[in-house]
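Notes for the structure review
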Amino acid sequence: MMKNADTVENIVRSRRSLLEDLPTRKCYKKEEEGGCGVTGFASSIPVRGKHIFEPSRQMHNRGNGLGGGIAAMGLDPDMLDVSRGILEDDYMLQIAVLEQGVMGDLEKRFIEPYFKVDLNERLPHVQDFRDIPGLAIKPPNIWRYFVRVKPPVLQEFKERNNLLQLTERQAEDEFVFQNSFKINKTYYDVLGNQSAFVLSHGRNFFILKIVGYAEQVVQYYQLEDFKAHIWIAHQRYPTKGRVWHPAGAHPFIGLNEALVHNGDFANYYSVVEYLRQRNIYPLFLTDTEVSALLFDLYSRIYGYPPEYVIEALAPTMERDFDQLPPERQRIYRAIQATHIHGSPDGPWFFIIARNDTVNRRFQLIGITDTSMLRPQVFALHDGEVQVGLVCSEKQAIDATLKSLSQEDSRIGSIADRYWNARGGSHTDGGAFIFNLDEIPSIAAERRLTCVDKFGEPIKAPQGDVQYPIYHGADDGPGSQVTISRFFNHQQPELLYEYLTNKARDWAYNSLIDPFEEIKRWAFRNDAYFEVALGTLTKLLDLRYPTYDKRRRTILQMVHEALEGMFRHFPYLDAQENGTYRLIDWETRQLLRGPIRNEKVMIVDSSLFPPEGNDGDSRLIAEAYHRGWTQFIVFGLKGQRFHGCGLGPHTGAVRIDIYGSSGDYLGSGIDGLSIYVHGNAQDQVGQIMKSGKMVIYGDTGQTFMYGAKGGEVYVMGNAAGRPLINAVGKPRVLINGTCLDYLAESFMAGDPLNGGGFVVLNGVEFDDSGQVRPQPTPYPGSNLFSLASGGAIYVRDPFGQVDEEQLNGGEIVSLQQRDWLLILPYLKENEKLFGISIEKDLLTVNGGQMSPLRVYRKVRPKENEVEPTGLGE
Amino acid sequence: MVTVPSRFRNPIGKYRLHRTDECLGCGKCVAICPHGVHVKIGHVMTKNHYRCVGPDCPNPCYKTCPAGALSLKRNPTFDTLGDLRWTPDLLVSTWCMAETGDVPPGGLEYRIGESVGGFDRLRLVLPPSHRNESAPPDEEVDVGIELNRRDDTSHRVRIEVPFYGAGMSYGSISIMAMLSRVRAAAALGTFCCTGEGGYPDELKPYDDHVITQVATGLFGVREETIQRVSIVEFKYAQGAKPGLGGHLLGDKVTPAVAHMREAVVGYPLFSPFPFHSVYSVEDHKKHIDWIKAINPTAVISVKVSTPTDVDMVAVGSYYAGAHIIHLDGSYGGTGAAPDIAKKNIAMPIEYAVPMVHRFLQEEGVREKMTVIASGGIRTPHDVAKIIALGADGVCTGTAELVALECVRCHNCESGRGCARGIATTDPELTRLIDLDWGTQRIINLFSAWKKELVRIVGRLGMKSVTELVGRTDCLVHLDYMKSKRGHRG
């Protein structure tokens, strides 16, 4: 409920006295944030802290161990020794103690006079911090209080500050906020003495942070088994100052929210000034702190709904603003005029865990900046247990789900949906919110929904999700299956078709039988293995109807079958002949060149570090130099640089990737082929020179940045800045769309004369595997900006792409010779992904159209980019 | 030492001798001049005015001429050259070093310029040479430095002089200029950087002395060119144009340049300001890891301009795995940008270097990181000053081009604008420089610098240039000296 102006004014004024004794020193940033890794998930049932462990650990390379923190929200009252009533109504005041003996004074001055304490305790922790590997600095002791403000104190507070129009709860919230500020002011000085500080003080959540890695928080404070609905974590990479202070780590608080942040503000000082005009004075001198304060200001003091809070932080601009309906434009204009100086400028991505106490709901929110400069991935897993996830990298999402699924088989290891947000857009607003609402009469479970900034829901596909349990030999249609003929006749495509047809009739339990049998066939000999591999890979790659079953469950089954098959092969020290050899972390020293009829190296990446000389990508480069040319890589958990380091002239090499691949995949490749059987992450194909890349899914940020050539097919979407600064002759086909900045500064010559181009189809698969057009082939406002060469062929039968989205280019109609140029690539695209030229691409509204009317060409305007205006 | 005179008929010097008709042709001037200014070929004439050291001469010809036919004049052309930073004295001194391989014998101010800032307000405090008995002999003074000081498995790289050539792209300068620089670097036991325009094949024989630059436009960057070298330089920014990326104007994108960068002839080439894949320090670490994934033993240099938080950039680069932090200050040049970009915006290098030096010391990592400074290093005295302020070494840029007889006319960015055939890829203008001539000129320049640095280090009583690092006690800043009258000296 938005507050009226006078009330807001009174609250702001009430803080004046807090600032009177603060020195008037300039608020310059003491810490550089820059880098980090952020992750968070929300679950319909409370889950253990150990599940934030894996994604944090896998994002070590985004932090430097000098700051890590977690927040847990939606707690289990039994684990805290309080009643549910106290948990929901009391404030959990949690204080980090850095200096012994200070708490006596603190309690006397700031707790006893004002609060009714329902419970106080010291948090348990591991006895010796050095028992935790890598933890170098002793984390602070934590004192926790469940409190309410004493009614006479509250009444006096309201009267003194002219806040009688606030509700009791609103006044109490503000009192707690101000009291914590006083505590921090008194006991913590970033530049001086540090004896204690308030970690969190909201309801039904707490924050812990240390000088170390995020997962060490879980280990030290023994939270592995502690349950909560929402967990968020942050790995920090601070770059200034030798003595790190724990209060500088994330998350930061407003009142009822915990915020973590990846990025760096260019206008920190402006934001601080903005806050100071409202009597808010940051004490910890980091970007993140002011972000949390802004969020609290907008949502609690002003009472804005989430949509307006997001707009104030990440204003809708340019063409996206023009696309908004007039009513929204009016309101957004007002918001922008009021709050633009507080809007952070620079790369940033926030993850916020919020207790929306007014609506009795928990929220996990991800907001990205309007220039889309930080990576972000959202995911939704629906079913008996619902999970919403948001992370800096997709592999961290997969790691979280895998961890959860190992404990609770109702949770799968793959999400139903993965997507990116388009910052500051009119399409999704650059923000997504996972809401956890109460279910009447069930206390321990909530209902999870996902909406974008505008309240539009994101839904998972329909379908039953029970994960099948293998019962052994069973009576049922499955056990009658004979798939032997497909193996005997070496027909993986037919086996694939058989299975996808049968998917309609069979229940999961019946499906598992053919998978088990496929594995058994695969174990027998290499030829049968190849049939099995072909079939299972097709099940991963292609889209097909799954009827009443969930695609993600089928994918999970396929992955498990594949891993079983891959791990069955012998290591390099085996005596028997064989085409396939397995290598993993434990046996990596056995690396040698191929002998006899060895051809394919299967790399189990699961235990390899994500980068460096010991990484699996380095191993593959070494193996190539020893003579291996065919590689299958599986068990990936975000490891990076696959395909890098092999050098030029690698045309004979083929790499197949299964699992959660990491950043920089396929960068710099010159000749080789790489097939990604799933989604890819960021910086894929950077400076790629030649070769073939096929991605059976989406790809991430700065795809093919500075690429020089290559033939590339993407089944899904690209994110921000694909093909930026690319030159030479890359030929790329993107079936989906991108966030924005496609082919900026493209310099790829004349496509009709050996140069490069991008075909953008703007289509997607629906949940039954049918191809359909996306709402628009290109939603952004920076298409082909400043490009001086190359072209974009966009499938746009309704002429939705307009000149306003360009910057130095022009849209012309397709000529026959353009069509003949791109046709062979569309044919290959059809072969790879099953996207039919006739039925899917050239069919518009049920009827076939000429390609010259379906596709349009974006090309550079003649001499548009001469800089003669640039100041001679 | 190979003497390499100017390629032009009338080299410009500071002085001219005027000979009247009173000349007797006795040849006394020819005999007395140690620099060969006058010659006798049949009759006596003044041939090499430019070598005259002017009033510094201990035994001037114009005093010993029996007929009084000679008089010393200042060459009017001399005063039309240069500006306050690169004064005519500095230009001609550099030409002299490039010709003879040592500093000028007299008559020219080769140590400082006349600007009111930067190195021109700093002076080295050198004990007088005749009183310095403890100075080690020249042969015992080492001016080489280690570039990789981390304990890791990357190459150990030692250069024999405390400088290497800064990146100047193929496109901003000609292939002859590039090759001359690289070959000279090889002869002196140091390196030269390719700049962001790619790695021309002509450089291949000198792989061991080339630094590949990975700049924000990623032009010419291939795994191959990264694997060939032992040092890779990330160019995040350039001091001459902070906030802008590289910008090669259309008429410098000749067919050869377009081929090298795989772009379109005649269209301007922009490198973006940031690396689009690096918006955050963990992205920077990932970026460095990427280069190491291609070439695991490469030494990594990170070149940045000098914003106010350059110290944090330096330490962030250290933790991300870099070996060298290369600070490019605002006095630097550019051959490939429109005029509006050639302004001094970043922090002056003489402030940035001590800031970074001290900060890295406080972090406890100074010994593990090499600090290289560049941007306006004109003379070996500038080199010594910046090392005394806290750098380990420098990158050379404009000085090398001056050695090739650049006159600093500032016409670099237009395609056929370089009158000396240096900053051009026009095939006709490129032929103005002969490769052997160019190579030897820069070898001579570097040799002169090396000799002078040895003298400076020796006079300070040090045996190695590394002892000079951070020794601000060997410097005075004219603006901060207390004069008797209490105002700035």
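Above: the structure in question.
Residues numbered from 1 in each chain as written. Chains lettered and ligands numbered in written order. Predicted model: local features only at pLDDT ≥ 70, side-chain atom pairs only at ≥ 80, totals over all residues. Heavy atoms only, no water.

A few points about the overall build of chain A
To keep it simple, the criterion reads: The way it works is that DSSP assigns letters per residue, a run of H or I at least four long becomes a helix, a run of E at least two long becomes a strand, and they are numbered from the N terminus. We compute the radius of gyration from the C-alpha atoms alone; for a globule the expected value is 2.2 Å times N to the 0.38, where N is the number of residues. Classification of residues uses two cut-offs on accessible area relative to the type maximum, computed with a 1.4 Å probe and protein chains only: under 20% is buried, over 50% is exposed, and between them is partly exposed. Only heavy atoms enter the contact rule, under which two residues are in contact if any of them lie within 4.5 Å. Here the open area of atoms and residues is found with the Shrake-Rupley method and a 1.4 Å probe, where only the protein chains shown may cover a residue. Here the positive residues are Lys and Arg and the negative ones are Asp and Glu; neither His nor the chain ends is included. A charged residue contributes its charge at one atom only: NZ of Lys, CZ of Arg, CG of Asp or CD of Glu.
A tally of helices and strands in chain A yields 24 helices and 34 strands. Scaling as 2.2 N^0.38, a compact globule of 872 residues should have a C-alpha radius of gyration of about 29 Å, and chain A matches this with 28 Å. Residue burial in chain A is summarised as follows: out of 872 residues, 65% are buried. When contacts within chain A are restricted to residue pairs at least 6 apart in sequence, long-range pairs at least 24 apart make up 66% of them. With the model as given, the accessible surface of chain A reaches about 30,600 Å², and the carbon-plus-sulfur share is 47%. Of the charged side chains in chain A, 93 are positive and 111 negative, and the gap between their average positions amounts to 1 Å.

Structural notes on the overall build of chain B
Helix and strand content of chain B: 13 helices and 18 strands. Residues classed as buried in chain B amount to 64% of the 489 residues present. Total accessible area on chain B stands at roughly 18,200 Å², and carbon and sulfur atoms take up 53% of it. Between the mean site of the 56 positive side-chain charges and the mean site of the 54 negative ones, chain B shows a separation of 6 Å.

Some thoughts on the pattern of salt bridges
Residue and element names in this part refer to chain A. We count it as follows: What counts as a salt bridge is simple: a side-chain nitrogen of Lys or Arg found within 4 Å of a carboxyl oxygen of Asp or Glu.
According to the stated counting rule, one finds 83 salt bridges over all chains in the structure shown. As a salt-bridge pair, Lys549 and Asp548 come within 2.7 Å of each other at their nearest N and O atoms. Overall, the relative accessible area of 2% leaves Lys549 in the buried class. Classification of Asp548 as partly exposed rests on a relative accessible area of 43%. Here Asp604 and Arg567 are joined by a salt bridge, their closest N and O atoms 2.8 Å apart. Taken together, the residues Asp604 in strand E20 (residues 600-604) and Arg567 in helix H20 (residues 551-567) connect sequence positions 37 residues apart.

Some thoughts on the nonpolar core
Let me state the cut-off plainly: As used in this record, nonpolar core signifies buried Ala, Val, Leu, Ile, Met, Phe, Trp, Tyr and Cys residues forming a set joined through side-chain atoms within 4.5 Å.
Core analysis: the largest hydrophobic core is formed by 198 residues, its most contacted members being Ile95(A), Leu208(A) and Tyr298(A). Those residues in contact with Tyr298(A) that sit more than four places away from it in its chain are Tyr274(A), Gly303(A), Tyr304(A), Val309(A), Ala312(A), Leu313(A), His339(A) and Gly342(A). Listed in part, the 144 residues of the second largest apolar core include Val92(B), Ala314(B), Tyr318(B) and Leu468(B).

Examining the interface of chain B and chain A
Rules: Joining two parts hides part of their accessible area as seen by a 1.4 Å probe, and the buried area is that hidden amount summed over both.
Counting from both sides, the interface comprises 54 residues of chain B and, opposite them, 57 residues of chain A. Here chain B packs against chain A, burying approximately 4,700 Å² in sum over the two surfaces, 58% of which is carbon and sulfur. By the criterion of area lost to chain A, the three top residues of chain B are Glu262(B), Glu282(B) and Lys286(B), representing 15% of everything that side buries. The tally of links from chain B across to chain A stands at four salt bridges.

Looking at helix H19 (residues 526-541) of chain A
Here is the rule: A helix is expected to span 1.5 Å multiplied by its residue count minus one.
For H19(A), with 16 residues, the first-to-last C-alpha span of 22 Å sits near the 22 Å given by 1.5 Å per residue. If you check which residues of H19(A) are buried, you get Tyr528(A), Phe529(A), Val531(A), Ala532(A), Leu533(A), Thr535(A), Leu536(A), Thr537(A), Leu539(A), Leu540(A) and Asp541(A).

Observations concerning the sheet that holds strand E3 (residues 91-97) of chain A
All names here are of chain A. Convention followed: DSSP calls a pair of strands paired once it identifies at least 2 bridges connecting them. What counts as an axis is a line fitted to C-alpha atoms, over the stretch in contact for a helix, and the angles between N-to-C directions run from 0 to 180 degrees.
Taken in spatial order, the four strands make up an open sheet running E4-E5-E3-E6, and their pairing is antiparallel. Every interior strand has two partners, whereas the edge strands, strand E4 (115-122) and strand E6 (196-200), have only one. Geometrically, the sheet is characterised by an average inter-axis angle of 30 degrees between neighbouring strands, direction not taken into account. Relative to strand E5 (residues 141-149), E3 is paired through seven bridges, and the arrangement is antiparallel. In the sheet register, Gln94 faces E5, and the bridge partner there is Arg144. Strands E3, E4, E5 and E6 of the sheet are contacted by helix H6 (residues 102-111), whose axis makes an angle of about 150 degrees with E3. Each of E3, E4, E5 and E6 touches helix H8 (residues 168-187); the most contacted strand, E3, lies at about 5 degrees to it.

Regarding the packing of helix H8 (residues 310-320) of chain B against helix H9 (residues 349-363) of chain B
Residue and element names in this part refer to chain B. We apply this condition: When an angle is under 35 degrees it counts as roughly parallel; over 145 it counts as roughly antiparallel; between 65 and 115 it counts as roughly perpendicular; any other value is oblique. A clockwise turn of the near helix away from the far one marks a right-handed crossing, whereas an anticlockwise turn of less than a right angle marks a left-handed crossing. Polarity classes work like this: nonpolar for Ala, Val, Leu, Ile, Met, Phe, Trp, Tyr, Cys and Pro, charged for Asp, Glu, Lys and Arg, and polar for all others, with Gly in that last group.
As a packed pair, H8 and H9 sit with axes 9 Å apart at the nearest point and diverge in direction by 50 degrees. Relative to H9, the element H8 lies oblique. For the crossing formed where H8 meets H9, the hand is right-handed. Across the interface between the two elements, Val310, Asp311, Ala314, Val315 and Tyr319 of H8 pack against Ala352, Met355, Val356, Phe359, Leu360 and Glu363 of H9. By residue class, the composition of the contact of H8 with H9 is nine nonpolar, no polar and two charged.

Quick look at the packing of helix H7 (residues 151-160) of chain A against H8(A)
Residues and elements named next belong to chain A. Interaxial distance between H7 and H8 falls to 10 Å at its minimum, and their mutual angle equals 90 degrees. As the angle between them shows, H7 and H8 are arranged roughly perpendicular. Between H7 and H8, the contacting residues are Val153, Leu154, Phe157 and Lys158 on the first element and Glu168, Ala171, Glu172, Glu174, Phe175 and Gln178 on the second.

These figures come from the coordinates and say nothing about function on their own.
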